[in-house]
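Residue strings, one per chain:
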Protein chains: 2
Amino acid sequence: MIRATYHAVTDEPEKLARAIAVEETVEVPEALIDEAIDRHIVGKVEGCDRLPDGRFALRIVYPPDLVRSLPDLLSVVYGNVSMMEGVRLAALELPPDVLARFKGPGFGIEGIRELLDVHGRPLVCTVLKPRGASDEHFAKVAEEFALAGGDIVKEDNNLLDATQGDFERRVGRCVEAVRRANGKTGRKCLYFANACAPVDRLERTVEAALRLGAQGILIPPLLLGLDVVRDLAARHRLAVMAHPAFSGTFFEDRRHGIEPGILLGTIYRLAGVDISIFVNHGGRFNYRREECDGVARALRAPLGKVRRAFAAPAGGMTLERVDEMAKEYGPDTVLVFGGAILCDTGGIGKATEACLARVRSLFPGGPGARA
Amino acid sequence: MIRATYHAVTDEPEKLARAIAVEETVEVPEALIDEAIDRHIVGKVEGCDRLPDGRFALRIVYPPDLVRSLPDLLSVVYGNVSMMEGVRLAALELPPDVLARFKGPGFGIEGIRELLDVHGRPLVCTVLKPRGASDEHFAKVAEEFALAGGDIVKEDNNLLDATQGDFERRVGRCVEAVRRANGKTGRKCLYFANACAPVDRLERTVEAALRLGAQGILIPPLLLGLDVVRDLAARHRLAVMAHPAFSGTFFEDRRHGIEPGILLGTIYRLAGVDISIFVNHGGRFNYRREECDGVARALRAPLGKVRRAFAAPAGGMTLERVDEMAKEYGPDTVLVFGGAILCDTGGIGKATEACLARVRSLFPGGPGARA
């Protein structure tokens, strides 16, 4: 069964639980629910437990047959619940037959590591920005970063192109620059192009990125549609890095929304995300450590045959935090440094080298040392 | 210029306003913003005004050139703001050159009225549910409702089909039933099929609905992707009824998120929505009257050449509320009665007739009387 646990502010936990179970499956007054529909379709209330903060944990199980796709899943476990005050989707367990419907990330942690031939340590990623800078500038930054041993160059989520031509010119130039650097270093720095394009240009955008030599795309699943991302990942051999734009609303009010680990972890993996960027605590945004750890955990937890994905804490991280982040998140992490590397007074190359040296010293043994 | 107003909890309104203007356009430390980029790309802070509740209204204008598509617009006005605590997108003004990029609803209020040949009064809509009932049952409900003079039959958002065949069988049967009824009444009751399908089946689903004779689709833009809906509406001659599933999170916390009128009104119109269903106050969900009125206002306000759209208040409405809703929302409204019509002790036909009689008596004059 699909087991969803909702944390709810309520005086009538059993009544609310039944209301959710009905709302999410049949959405009719009780009088219209006959025995067969109640047995086969309506969610079942498994239990209601009082939480230490006075809320109730409402455990509801839904028949797996109701869910054949990602839109089905989102609709059944959270569609109309999104409109219920004081109700938060706090946990989600999916049975093997539901998980088997999802291909998940095309690469996952192991696949990305093979592309890069880097093992046993966090990856270091930088960001091409700001919007408005020239392609020459971006190519130069990408090249310096790759020459200094950086692992992943990603385009900023604000690089929204006026035309397909603008996109292809930039990606072509930057991929070429990374390739040049890789030729010198013997390494395999990866390039992720920003594929946040209108739906009718998306296919062309993704195809162009791959044709030009990018290994992956940066994409905001909640802005473009989670199933759009799943569909792209299922049809193309490309790595998917998810940007959290438009996602924050689900997390801000801790008495509503969805637990970040479920959305940015479990559901993103079902949508084919290989690397999930999330806002780290202590940066520009106000996220809690336990929430961030929950995302990282959900990205790597067993999930049927769905591959594990990288946690990518970001959002105003400074290079001084490498030790702390490496310790907190462990080796299967992408450390995203945008401004910190781009603005370093010693230059991009030096900052990247220093960052990688530190990462390597923190994860000395194993095959990771070779990269 | 694109003018976005954010209501924010802050002690440093100017600083936060600049941070938003930078975050949403270039997302780099100030040191990386040169004069040209600051002038042409970065948002400009127009002003910060203290609100009666102690928050600040931060007015920021963004260059219209940054926005060529719906993903661009969502990204620029709200992408990373979604992750900022205590910041709500409270108002949005779009200039003619941005609006000109959007086709908007294919029908709008006037177009839907022409399809139906009903003018000057609210439309009455019912819902086929619950999931699990037979196609015969749904067809019978649709026929009774149409025979009694109902205007729109929509499929419930929970009717998520296992296969394309299931979808086509139901839609075919129900459209046929409505057609039969229309043949007897001489009226033109419309049918909206639930197109919440995985992206790789969406095109086939929509084409089948139209081929089988449905005039429109029911679709949840925030679950499937706003630009997915825009793209469908732009390419097909079909009426779009938007379901609010997955949208509620944007509204629950009044110190965060997006004002409902902007998302379910303005942005939905840009996404091609002809009829926007929203949760009415005083029903199963906890929405405020002024928020509902704001949605209705935004659906009908001038917006370049983008057509006006119907407001469809719903969510546990009873037939006793017809007068109140008609008065509050006026003639350009779709009154959605699911359970209330389906469960009426007098039967679906009688309930529908009574509802329409009441609506006609409230809007007697004008050409509406003829329908």
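The rules we used
- As a convention, each chain's residues are numbered from 1 in the sequence order in which they are written.
- Ligands are numbered from 1 and chains lettered from A, in the order in which they are written.
- Residues qualify for local features only when their pLDDT is at least 70, as the model is predicted, and side-chain atom pairs are given and counted only at 80 or more; totals for whole chains, interfaces and linings, by contrast, use all residues.
- Only hydrogens and water are set aside; all other atoms, that is, all heavy atoms of the structure, feed into the side-chain values.
- Salt bridge, as used here: a side-chain nitrogen of Lys or Arg that lies within 4 Å of a carboxyl oxygen of Asp or Glu.
- In this text, helices come from DSSP runs of H or I with a minimum length of four residues, and strands from runs of E with a minimum of two, each type numbered from the N-terminal end.
- Working definition: with a 1.4 Å probe on protein chains only, accessible area under 20% of the residue-type maximum means buried, over 50% means exposed, and in between means partly exposed.
- Two strands are said to pair when DSSP picks up at least two bridges between them.
- Convention adopted: a line fitted to C-alpha atoms gives each axis, helices being fitted over their contacting stretch, and angles between N-to-C directions are expressed from 0 to 180 degrees.
- Should any heavy atoms of two residues lie within 4.5 Å, those residues are counted as being in contact.
- Here the quantity called buried area is the total loss of accessible area, with a 1.4 Å probe, experienced by two parts when brought into contact, counted for both.
- Charged means Asp, Glu, Lys or Arg here, nonpolar means Ala, Val, Leu, Ile, Met, Phe, Trp, Tyr, Cys or Pro, and polar covers whatever is left, Gly included.
- Only centres within 6.5 Å qualify two rings of Phe, Tyr or Trp (six-membered ring in Trp) as a pair; their planes then separate them into stacked at under 30 degrees, edge-to-face at over 60, and tilted for everything else.

Trainee: Explanation requested: the pattern of salt bridges in the structure shown.
Mentor: Where side chains of opposite charge bring their charged atoms close, a pairing between them can arise. For the structure shown, the criterion picks out 66 salt bridges over all chains. With a closest N to O distance of 3.3 Å, A:R59 and A:E46 form a salt bridge. You can see A:R59 sitting in strand β3 (residues 56-62) and its partner A:E46 sitting in strand β2 (residues 44-50), a full 13 residues away along the chain. For the salt bridge of B:D151 with B:R121, the shortest nitrogen-to-oxygen distance reads 2.9 Å. Residue B:D151 is found in the loop between α6 (135-147) and β6 (152-155), and its partner B:R121 is found in the loop between α5 (108-116) and β5 (123-128); the two are separated by 30 residues along the sequence. We classify B:R121 as buried; its relative accessible area is 0%. Among the charged side chains, a salt-bridge network with shared partners connects A:R3, A:E46, A:D49, A:R59 and A:E93.

Trainee: I tried to follow the sheet that holds β6(B) on my own but got confused; where do I start?
Mentor: What links the strands of a sheet is backbone hydrogen bonding, and the strands pair in either a parallel or an antiparallel sense. Residues and elements named next belong to chain B. Spatial strand order, β12-β11-β9-β8-β7-β6-β5-β13: eight strands in an open sheet with parallel pairing. Both outer strands of the open sheet, β12 (310-314) and β13 (334-337), are each paired with one neighbouring strand and no more. Neighbour-to-neighbour, the strand axes of this sheet turn through a mean angle of 25 degrees, independent of strand direction. The pairing of strand β7 (residues 190-194) with strand β8 (residues 216-219) spans three bridges and is classified as parallel. Paired with N194 across the bridge in β8 is L218. Where α5 meets the sheet, it contacts β5, β7, β9 (239-242), β11 (275-279) and β12, and its direction lies at approximately 120 degrees from that of β7.

Trainee: Help me out: how do you make sense of α5(B) in this one?
Mentor: Residues separated by three or four positions in an α-helix point in the same direction, a consequence of the helix having 3.6 residues per turn. Residue and element names in this part refer to chain B. Along α5, the positions that sit buried rather than exposed are G108, I109, G111, I112, R113 and L116. Contact partners of the buried residues in α5: β5, β7, β9, β11, α13 (289-300) and β12. A positive phi of about 60 degrees marks D117, the residue just after α5.

Trainee: I'm lost on the interface of chain B and chain A in this one. Help?
Mentor: Reports of interface size often rely on the accessible area that becomes lost once the parts have come together. The interface of chain B with chain A comprises 71 residues on the first partner and 70 residues on the second. For the pair chain B and chain A, the two sides together bury roughly 6100 Å², of which 62% comes from carbon and sulfur. In terms of surface lost to chain A, no three residues of chain B exceed B:M83, B:R131 and B:F246, which account for 13% of the buried area on that side. For the interface between chain B and chain A, the tally reads four salt bridges. Contributions of two or more residues to the side of chain B that touches chain A are made by α3 (70-79), α8 (199-211), α9 (221-224), α10 (226-235), α11 (249-252), β10 (257-258) and α15 (339-342) of chain B. When residues in the side of chain B that touches chain A are grouped by element, the largest group, seven residues, is from α3(B). In the side of chain B that touches chain A, the residues fall into 35 nonpolar, 18 polar and 18 charged.

Trainee: Which parts of the structure should I look at to understand the pairing of strand β2 (residues 44-50) of chain B?
Mentor: Each regular strand displays side chains that alternate between the two surfaces of the sheet. Residue and element names in this part refer to chain B. Where β2 meets strand β3 (residues 56-62), six bridges bridge the pair, whose relative direction is antiparallel. Within the sheet, the bridge partner assigned to V45 lies in β3 and is I60. Here β2 folds back onto β3 in antiparallel fashion, the turn holding five residues, of which G54 has a positive phi close to 95 degrees.

Trainee: In this structure, what is going on with the sheet that holds β10(B)? I would like to understand it.
Mentor: Residues and elements named next belong to chain B. Strand order in the open sheet formed by five strands is β2-β3-β1-β4-β10, with mixed pairing between adjacent strands. Lying at the two open borders of the sheet, with one neighbouring strand each, are β2 and β10. Here helix α1 (residues 13-23) sits on the sheet and contacts β1 (2-8), β2, β3 and β4 (87-93); the angle it forms with β3, its principal contact strand, is near 35 degrees.

Trainee: Looking at this structure, I do not really get the packing of aromatic side chains. What am I missing?
Mentor: For any pair of aromatic rings, the description rests on two quantities: the centre-to-centre distance and the angle between the ring planes. Enumeration according to the criterion identifies 11 aromatic pairs over all chains in this entry. Centroid distance B:Y78 to B:F250: 6.2 Å. Interplanar angle 55 degrees. Geometry classified as tilted. With B:Y78 in helix α3 and B:F250 in helix α11, this pair connects stretches of sequence that are 172 residues apart. B:F250 matches B:Y78 in its accessibility class, with the two residues each being buried. Aromatic rings pair up to connect A:Y78, A:F246, A:F250, B:Y78, B:F246 and B:F250 into one cluster.

The quantities given are spatial measurements derived from coordinates; they are silent on function.
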